[in-house]
Amino acid sequence: MALTSLLRAFRPESKSPTLPPVRIAVIGAGRMGQYHAKHLSRNRRAQLVGIVDTDGPRGQATARRFRTEAFQNAKDVIGKIDAAVIATPTPTHHPIGKLLLESGVACLVEKPLAVNLAEAEDLIALADRFNRVLQVGHIERFNPAVIEAARHIHAPQFIEVNRLGPYDPRVADIGVVMDLMIHDLDIVLFLVGEEVTRVEAFGAKVLSNHEDIAKVRLHFKNGCIADLSASRVSLEKYRRIRIFQKDAYLSLDYAGQKLKVYRKKNQVVKSLRDIQILSPKLAKKDPLAMELDHFLQCVQEGKTPLVSGKHGRDALQLAREVLNNLKVHA
């Protein structure tokens, strides 16, 4: 089912008065954790119970900022919350997620879902066993330009993705595939909806001990090919995707939340007058705010999230396959 069709069932900020707010905590007071806390503190569906961080002073400062309580261990919020956002380093996603899911707490886990597939599968199994919502933070799925683009995409034949940005030493422990490209791997899997049959990948180390630049070609079962480029050796952010299909070409700007659709008016194109150019007017919305509101609604209403644990696992599996095939120039 198209993402747009699914999203119609989830109306942002339309909390029913009969549904109590979700008692929620943010695990991890780093950069992403603070973004999550900011939006949750403003969302009418949420009651921000606390901030959990092993760094006491940082957790306390974040808790003061958002007028909530600070904790130093995820165990301390069990029994006080219905849901949690896990925004800690990837190696901690599985142990924290396991603890919370086994305690009946719904979880939104930042990407990637886990370090490896075994951990990802275990979290999915736990969510199923305890009947709890498990959502993964692939935020681009909630980008208004992606949502609108999904309405126009039919059997894409070729996709080109470029995601470039400046280096951030805080993520030097992972390469650009897990840091940046995993967003686009998820999006491409969603748009094509077919099995990947072959992966070609090349990269280079420039600023860290991991790949800082990567170029990947994915071959899909239906013949579609996707070329993805990711770099964290750029002075400016550039995040675009282009989709080519039999009757149209789409150009999408992630950061600017802009979309252009070029579609043939006639079977034979003799001039530019035979091409229809659409520039849909998109309401500028914060994808993170939309992602969190969707998670809260899923928890309130017991619905399956648009980006479930299985989607997070699929993106992780493809990212691991990319890394296994990556030929790195050191």
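Residues numbered from 1 in each chain as written. Predicted model: local features only at pLDDT ≥ 70, side-chain atom pairs only at ≥ 80, totals over all residues. Heavy atoms only, no water.

A.B. asks: I would appreciate a short explanation of the overall build of the chain in the present structure.
C.D. replies: Broken down by element type, the chain carries nine helices and 15 strands. Considered along the principal axes of its C-alpha atoms, the chain spans approximately 65 × 50 × 40 Å. For the chain, the residues scored as buried account for 51% of the 330 residues in total. Pairs at least 24 apart in sequence give 69% of the contacts found in the chain among residues at least 6 apart. Charge centroids of the chain, computed over 49 positive and 36 negative side chains, lie 6 Å from each other. (Helix = DSSP H or I, 4+ residues; strand = E, 2+ residues; numbered from the N terminus. Buried < 20%, exposed > 50% of the residue type's maximum accessible area, 1.4 Å probe, protein only. Contact = heavy atoms within 4.5 Å. Lys, Arg positive; Asp, Glu negative; His and termini not counted. Charge placed at Lys NZ, Arg CZ, Asp CG, Glu CD.)

A.B. asks: How do you make sense of the environment of I174 when you look at a structure like this?
C.D. replies: Assignment of secondary structure puts I174 in the loop between strand 7 (158-164) and helix 7 (176-192). Assessed through its relative accessible area of 23%, I174 is described here as partly exposed. The spatial distance from the C-alpha of I174 to the C-alpha of P89 is 10 Å, given a sequence separation of 85 residues.

A.B. asks: Would you take a moment to explain the pairing of strand 10 (residues 225-231) for this structure?
C.D. replies: It is a general feature of regular strands that their side chains alternate between the two faces of the sheet. The buried count for strand 10 comes to six of seven residues, which makes it a mostly enclosed element. When strand 7 meets strand 10, the two strands line up parallel, connected through seven bridges. Bridge assignment links R163 to a residue of strand 10, and that residue is A230. Judged from the seven bridges that link them, strand 9 (residues 213-220) and strand 10 form a sheet pairing that is antiparallel. (Pairing = 2+ DSSP bridges.)

A.B. asks: Sorry if this is basic, but what is going on with helix 9 (residues 309-325) here?
C.D. replies: Note on helix geometry: an α-helix contains 3.6 residues per turn, so any two residues three or four positions apart are oriented the same way. Along its 17 residues, helix 9 runs 24 Å from first to last C-alpha, staying within 8% of the 24 Å computed at 1.5 Å per residue. Within helix 9 the residues assigned to the buried category are G309, G312, R313, A315, L316, L318, A319 and V322. Looking at the buried positions of helix 9, the neighbouring elements they touch are helix 5 (117-129), strand 6 (134-137), helix 7, strand 8 (196-204), strand 9 and strand 15 (326-329). (Expected span 1.5 Å × (residues − 1).)

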